[in-house]
Amino acid sequence: MLARVWSASVLGIEAIQVGVEVDVAGGLPGIVVVGLPDTAVQESKERVKSALKNSGYTFPMKKIVINLTPADLRKEGPSFDLPISVGIMAASEQVNVQLIDNFLFLGELSLDGSLRPVAGVLPIAATAIKLGIKALIVPVENAQEAAVVEGLSVYGLRNLTEVGEFLATPHKYTPASRATTLSNSSNSAAPFPLDLKDVKGQEHARRALEIAAAGGHNLIFVGPPGSGKTMLARRLPGILPPMTFQEALEATQVHSVAGLLKGRGLVSDRPFRSPHHSASGPSLVGGGSYPKPGEISLAHHGILFLDELTEFKREVLEFLRQPLEDGYVSISRTRQSVTYPSQFTLVASTNPCQCGYYGDSIQACTCTPKQREQYWAKLSGPLMDRIDLQVAVNRLKPEEMTSYKEGESSTEVRSRVQAARQRQQERFQKEAKLNCNAQMQSRHLRKWCQLDESSLSLLEAAIRRLGLSARATDRILKVSRTIADLAGKEAIETPHLAEAVQYRTLDRMT
């Protein structure tokens, strides 16, 4: 007898429907799987056989042919264990064949028949809705993840026995409840454990953090060891506005494909990824024979923090140039090409020289000019052009270190950031792909970053004196627009532009 069960395969953060056709016929006993299965799918034959027997079902001692369609799409991973099992049960008339067309099945099987969670369930759930499938059968650990999708009934089951009982009496089972949606209100996100009020002094750097959060601008802190660069950077998530539901859904899809959800529903907090400086290029942008998301995609709608930036290999940092500009990364391999979103805010920190004390007022630098030149040669000009805010962080004065005075809290700063973001959303409401000032293109700058004569003269003088590129000039205009938004001004004024220019520390150093 022939039976067909629906499943799906993930390609990037999208999913493609896969038909699992099972034919049980006469002939020598054996199982053949066709349709470009990988090793994990080929091995499912043994898992399925043991799981059926240990769950009280009969494994037909006949020739079984399993075809995975479309035949030209590579099928990988253990998520086809459950649909193959259900297909064999239906083809051998152990379950109701009429019901299985209404469901899409996903899940890995243990030898005792229990269901194990799999990666990529959320993209598959989103695709199921588009295909008109109304219900999804998944391991119980994946139920909350899939239930995020509105209009889809998700049934989280524990083992193959429950699957058989469900197909016999589906009305006795209740679908998983949909995960709570997110709100834009300031109370919608839990307080971040690291608060800006713990930071002593550093008013200039705190102001740069606020601007970066308000406009989504890339940021680098340059200063001697112990000046608080890392401490400041790790407090940026606490002043970012909460994610919208659509942003949370996109971030969750990437984490789902990477297999990092571990039974959670929506990723409600903005991601904060901090890879070690020994990270390779593929680990940063994604890769592999069948490409998986890298750190920049896992930081989608969040923060990518590169501590000790100059310790990263130069060729690794060059991988960031295109994603920083485009907001996505395309990975092409011989076997597969995928595109992952990578709309992140880059935050970095580094020392000003090899010894760490160039420009320090307390300790003298021991590096030669040649050594300093070689140190900064690790960072290319095109990469630094893409960093909007370049901020010098000096060591605290003795009286600041011994002071017990608390600074402004993250909650207070966050309220101003949210107000500035709200102004940007109102401005960009007719621009579908714009969420913050950092994402503006040239045509947007001409419309929303117009300058008066005084400001134009100041900008032209800065370009001549600092040797700014066209890209760096655009970055200054974007930062100026954000500073004006924080001040509640409709037009960019000369003080806003002057403040933006002073955040080009590295241009001034050179």
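Here the structure is shown first, and the text comes after it.
Definitions and cut-offs
Residues numbered from 1 in each chain as written. Predicted model: local features only at pLDDT ≥ 70, side-chain atom pairs only at ≥ 80, totals over all residues. Heavy atoms only, no water. Helix = DSSP H or I, 4+ residues; strand = E, 2+ residues; numbered from the N terminus. Buried < 20%, exposed > 50% of the residue type's maximum accessible area, 1.4 Å probe, protein only. Areas by Shrake-Rupley, 256 points an atom, 1.4 Å probe, with all protein chains shown as cover. Lys, Arg positive; Asp, Glu negative; His and termini not counted. Charge placed at Lys NZ, Arg CZ, Asp CG, Glu CD. Contact = heavy atoms within 4.5 Å. Salt bridge = Lys/Arg side-chain N within 4 Å of Asp/Glu carboxyl O. Arc of directions from axis to C-beta. Polar contact = N/O pair within 3.5 Å; in protein donor to acceptor, adjacent residues only side chain to side chain. Pairing = 2+ DSSP bridges. Right-handed = clockwise from strand over helix to strand, strands pointing away. Axes fitted to C-alpha atoms, helices over the stretch in contact; angles between N-to-C directions. Parallel < 35°, antiparallel > 145°, perpendicular 65-115°, else oblique. Nonpolar A, V, L, I, M, F, W, Y, C, P; charged D, E, K, R; others polar. Phe/Tyr/Trp six-rings, centres within 6.5 Å; stacked < 30°, edge-to-face > 60°. Left-handed = near helix turned anticlockwise from the far one by under 90°.

Caption draft 1: Fine view of the overall build of the protein. Along the backbone of the protein there are 21 helices and 18 strands. Within the span of the protein, comprising 510 residues, buried residues form 52% of the whole. Counting only carbon and sulfur atoms, one obtains 49% of the accessible surface of the protein, whose full area is about 22700 Å². Here the protein holds 58 positive side-chain charges and 53 negative ones, and the gap between their average locations is 2 Å.

Caption draft 2: Inspection of helix α3 (residues 121-130) at higher detail. Within α3, seven of the ten residues are buried, which leaves it mostly tucked inside the rest of the structure. Listed as buried for α3 are Val-121, Leu-122, Pro-123, Ile-124, Ala-125, Thr-127 and Ala-128. Where α3 is buried, its residues contact β1 (2-11), β2 (14-25), β5 (103-105), β8 (135-139), α4 (143-146) and α8 (245-257). Remark: Gly-132 follows α3 within two positions and exhibits a positive phi of approximately 85°.

Caption draft 3: Fine view of the pattern of salt bridges. Across all of its chains, the model carries 17 salt bridges by this definition. Across the pair Arg-321 and Glu-318 runs a salt bridge whose closest N-O atoms are separated by 2.4 Å. Residue Arg-481 is joined to Asp-485 by a salt bridge in which the shortest nitrogen-to-oxygen separation is 3.1 Å. Of the two residues, Arg-481 and Asp-485 both sit in helix α19 (residues 470-486), four residues apart, roughly one turn of that helix. Look at the salt bridges and you will find they share partners, linking Glu-325, Arg-386, Asp-388, Arg-471 and Arg-475 into a network.

Caption draft 4: Summary view of helix α5 (residues 160-168). Within α5 the residues assigned to the buried category are Leu-160, Val-163, Gly-164, Phe-166 and Leu-167. In a view along the axis of α5, the buried residues occupy a sector of 160°, so they form one face of it. If you check the start of α5, you find a side-chain oxygen 3.2 Å away from the backbone N of Thr-161, and it comes from Asn-159.

Caption draft 5: Representation of the pairing of strand β4 (residues 63-69) within the structure. Side-chain alternation along β4 places Ile-64, Ile-66 and Leu-68 on a buried face and Lys-63, Val-65, Asn-67 and Thr-69 on a face that remains uncovered. Pairing between β2 and β4: seven bridges, direction antiparallel. The residue bridging Val-20 from the neighbouring strand is Leu-68, located in β4. Once you follow strand β3 (residues 30-34) into helix α1 (residues 39-54) and on to β4, the crossover reads as left-handed.

Caption draft 6: Summary view of the sheet that holds strand β17 (residues 345-350). With parallel pairing, five strands are arranged side by side in an open sheet as β11-β14-β17-β10-β18. Sheet topology places β11 (272-273) and β18 (389-392) at the edges, where each strand pairs with a single neighbour. Its contacts with the sheet place helix α6 (residues 203-215) against β10 (219-222) and β18, and it is angled at close to 165° to β18.

Caption draft 7: Representation of the packing of α6 against α19 in the model. Contact geometry for α6 and α19: axes closest at 9 Å, N-to-C directions at 95°. On the basis of the axis angle, α6 is roughly perpendicular to α19. Of the residues in α19, those in contact with Arg-207, Glu-210, Ile-211, Ala-214 and Gly-215 of α6 are Val-479, Thr-482, Ile-483 and Leu-486. In the contact of α6 with α19, the residues fall into five nonpolar, two polar and two charged.

Caption draft 8: Quick peek at the packing of aromatic side chains. Overall, the coordinates contain seven aromatic pairs when judged by the stated rule. Centroid distance Phe-166 to Tyr-173: 5.5 Å. Interplanar angle 75°. Geometry classified as edge-to-face. With a centroid separation of 5.2 Å and an interplanar angle of 65°, the aromatic rings of Phe-428 and Trp-448 are classed as edge-to-face. You can see Phe-428 sitting in the loop between α16 (410-427) and α17 (442-448) and its partner Trp-448 sitting in helix α17, a full 20 residues away along the chain. This pair shows no difference in class: Phe-428 is buried, exactly as Trp-448 is. Pairwise contacts between aromatic rings join Phe-103, Phe-105, Tyr-155, Phe-166 and Tyr-173 into one cluster.

Caption draft 9: Highlighting the packing of α6 against α16. At a closest axis distance of 8 Å, the pairing of α6 and α16 adopts a crossing angle of 35°. For the element pair α6 and α16, the recorded crossing hand is right-handed. Where α6 approaches α16, its residues Glu-210, Ala-213, Ala-214 and Gly-215 are matched on the opposing element by Val-413, Arg-416, Val-417, Ala-420, Arg-421 and Gln-424. Considered class by class, the residues forming the contact of α6 with α16 number five nonpolar, two polar and three charged.

Caption draft 10: Seen up close, the side chain of Asn-218. With respect to the helices, strands and loops of the structure, Asn-218 is situated in the loop between α6 and β10. What makes Asn-218 buried here is its relative accessible area of 5%. In this structure, Asn-218 is in contact with Leu-324, Phe-344, Thr-345, Leu-346, Arg-386, Ile-387, Asp-388, Leu-389 and Arg-475, ignoring residues within four places of it in sequence.

Caption draft 11: Structural view of the environment of Glu-76. Examined against the element boundaries, Glu-76 turns out to sit in the loop between β4 and α2 (81-91). Residue classification places Glu-76 among the partly exposed residues on the basis of a relative accessible area of 23%. Placed ten residues apart in sequence, Glu-76 and Ile-66 show a C-alpha to C-alpha distance of 15 Å. Discounting chain neighbours no more than four positions away, the residues touching Glu-76 are Asp-38, Val-41, Tyr-290 and Lys-292.

Caption draft 12: Highlighting the pairing of β3. The alternating pattern of β3 places Ile-31 and Val-33 on a buried face and Gly-30, Val-32 and Val-34 on a face that is not buried. Taken together, the five bridges between β3 and β4 define a ladder with parallel strand orientation. Residue pairing in the sheet places Ile-31 in a bridge with Ile-64 of β4.

Caption draft 13: The arrangement of the environment of Val-20 in detail. Of note, Val-20 is situated in strand β2. According to the relative accessible area criterion, Val-20 is buried, its value standing at 0%. In contact with Val-20, other than residues within four places in its own chain, are Ala-3, Arg-4, Val-5, Ser-7, Ile-66, Asn-67, Leu-68, Phe-80, Pro-83 and Ile-84.

Caption draft 14: Structural detail: the side chain of Arg-372. By the element assignment, Arg-372 lies in helix α13 (residues 369-376). The buried charged residue Arg-372 lacks any salt bridge, with Glu-373 as its nearest oppositely charged partner at 9.1 Å. A polar atom in the side chain of Arg-372 sits 3.0 Å from the backbone oxygen of Cys-367.

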